[in-house]
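Residue-level structure breakdown
Each chain, written out:
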Amino acid sequence: MNILLVYAHPEPRSLNGSLRNFSVRRLEEAGHVVQVSDLYAMNWKASLDENDSGATQRDARFDPSLDSKHAFEHGLQSEDIAREQEKLMWADTLILQFPLWWFSMPAILKGWVERVYAYGFAYGVGEHSDARWGDRYGEGTLAGKRAMLIVTAGGWESHYSPRGINGPIDDILFPIHHGILYYPGFDVLPPFVVYRSGRTDEARFSVMCDELGRRLDDLANTTPIPFRPQNAGAYDIPGLTLRPEIAADTNGFAAHIG
Ligand code: FAD
């Protein structure tokens, strides 16, 4: 497989750095081809602005969506954006690896998503009508590819349990899993989460690598999270609300998992 690992940690000698090195080695030993986008090392520009789309005229109002669309369609995007889009098209599997910072991804990685996910590439794809609301949530440019998160968290596993104070980890990661990965078409695999990361010594690191190694060995066979596709009948259109008979007793994030 072709695997793209998008990695967001500023310090190569960190736990994340060690896990990244382990992952690349393991995947390459298994015969995969791996590309790493090391965002801090690349000095990745995190903010989406008018410099991203050569389309913008100096005196025109910058429109983040429409200028992105125009630049994507006319080959006017910043080179760094186009290169990451090419890597995404090349990859069979995308791995996003990051420390959990303020219950989400580090800003540099959010900026990678905002800039690389151009209008016409990751959203605004497919027919938009009364009958269809575009190719998204299970369909789209990246359909047929797999994606997985590798996340380290300072908090304990119990803090992220169904009744834990931080909220369930599946809820915290839902906007990334469902909104960033499933939306443009990825099949999303269950995440690999390291809890209580500050309490890592060599013995624990070794166990961690064994577990992560098994997940990486199994990338092609792991069952994805069964999010409900938008256009397969579970949602009414154009309201895009679950039909009353689907998950009738469930609200919130969990209702969108079949
Ligand atoms: P490091 O600090 O580099 O390492 C962690 C431990 O692993 C250290 O003890 C180190 O010695 C050891 N280690 C590193 N490499 C190895 C190796 N090869 N072998 C053996 N041991 C090793 N946590 C939450 O749960 N929720 C949050 O919302 C949250 N928000 C945060 C926001 C910010 C801005 C910051 C800075 C932290 C936040 N944290 C949060 C904590 C954060 O998730 C952890 O600091 C992070 O996951 C640790 O990963 P790291 O790669 O930086 O680890």
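Structural notes, computed from the coordinates.

How each quantity is defined
- Residues numbered from 1 in each chain as written.
- Predicted model: local features only at pLDDT ≥ 70, side-chain atom pairs only at ≥ 80, totals over all residues.
- Heavy atoms only, no water.
- Helix = DSSP H or I, 4+ residues; strand = E, 2+ residues; numbered from the N terminus.
- Rg over C-alpha atoms; globule rule 2.2 N^0.38 Å.
- Contact = heavy atoms within 4.5 Å.
- Areas by Shrake-Rupley, 256 points an atom, 1.4 Å probe, with all protein chains shown as cover.
- Lys, Arg positive; Asp, Glu negative; His and termini not counted.
- Charge placed at Lys NZ, Arg CZ, Asp CG, Glu CD.
- Near = heavy atom within 4 Å.
- Polar contact = N/O pair within 3.5 Å; in protein donor to acceptor, adjacent residues only side chain to side chain.
- Nonpolar A, V, L, I, M, F, W, Y, C, P; charged D, E, K, R; others polar.
- Buried < 20%, exposed > 50% of the residue type's maximum accessible area, 1.4 Å probe, protein only.
- Right-handed = clockwise from strand over helix to strand, strands pointing away.
- Pairing = 2+ DSSP bridges.

**Digging into the overall build of the chain**
Along the backbone of the chain there are 6 helices and 6 strands. Scanning the chain from its N terminus toward the C terminus, one meets helices and strands in the order β-α-β-α-α-β-α-β-α-β-β-α. For the chain, whose C-alpha radius of gyration is 19 Å, the value lies close to the compact-globule estimate of 18 Å for 258 residues. Judged by the C-alpha coordinates and their principal axes, the chain covers about 55 × 50 × 35 Å. Residue pairs in contact within the chain that sit at least 24 positions apart in sequence constitute 74% of those at least 6 positions apart. In the structure as shown, the chain presents an accessible area of about 12,900 Å², 50% of it carried by carbon and sulfur atoms. Taken as two groups, the 24 positive and 34 negative side-chain charges of the chain have centres that lie 4 Å from each other.

**Considering the site of the ligand**
Taken together, 21 residues lie around the ligand, and His-9, Trp-102, Phe-103, Thr-152 and Tyr-160 are the ones closest in. Separating an oxygen atom of the ligand from a side-chain N or O atom of His-9 is a distance of 2.7 Å. Take Gly-154: an N or O atom from its main chain is 3.1 Å from an oxygen atom of the ligand. For the ligand, whose unbound accessible area comes to 990 Å², protein coverage reaches 65%. Elements with a contribution of two residues or more to the shell around the ligand: α1 (15–29) and α6 (202–217). The element best represented in the shell around the ligand is α1, accounting for 3 residues. Each residue belonging to the shell around the ligand can be placed in one class, and the counts come to 9 nonpolar, 10 polar and 2 charged.

**Regarding the environment of Pro-162**
By secondary structure assignment, the location of Pro-162 is in the loop between β4 (146–152) and α5 (169–182). On the accessibility criterion, Pro-162 (72% relative accessible area) is exposed. Taking the C-alpha atoms as reference points, Pro-162 and Arg-228, separated by 66 residues in sequence, lie 21 Å from one another.

**Considering the environment of Arg-26**
Topologically, Arg-26 is positioned in helix α1. On a C-alpha basis, the gap between Arg-26 and Arg-146 in space is 18 Å, while along the polypeptide they are 120 residues apart. In contact with Arg-26, other than residues within four places in its own chain, are Gly-213, Arg-214, Leu-216 and Asp-217.

**With respect to the pairing of β4**
Of all 7 residues in β4, 7 are buried, a share of seventy percent or more. The alternating pattern of β4 places Arg-146, Met-148, Ile-150 and Thr-152 and Ala-147, Leu-149 and Val-151 on opposite faces, both of which are buried. You can see the chain leave strand β3 (residues 93–99), run along helix α4 (residues 107–116) and come back into β4, and the turn it takes is right-handed. The sheet contact formed by β4 and strand β5 (residues 187–188) spans 2 bridges and is parallel. In the strand pairing of β5, Arg-146 is matched with Asp-187.

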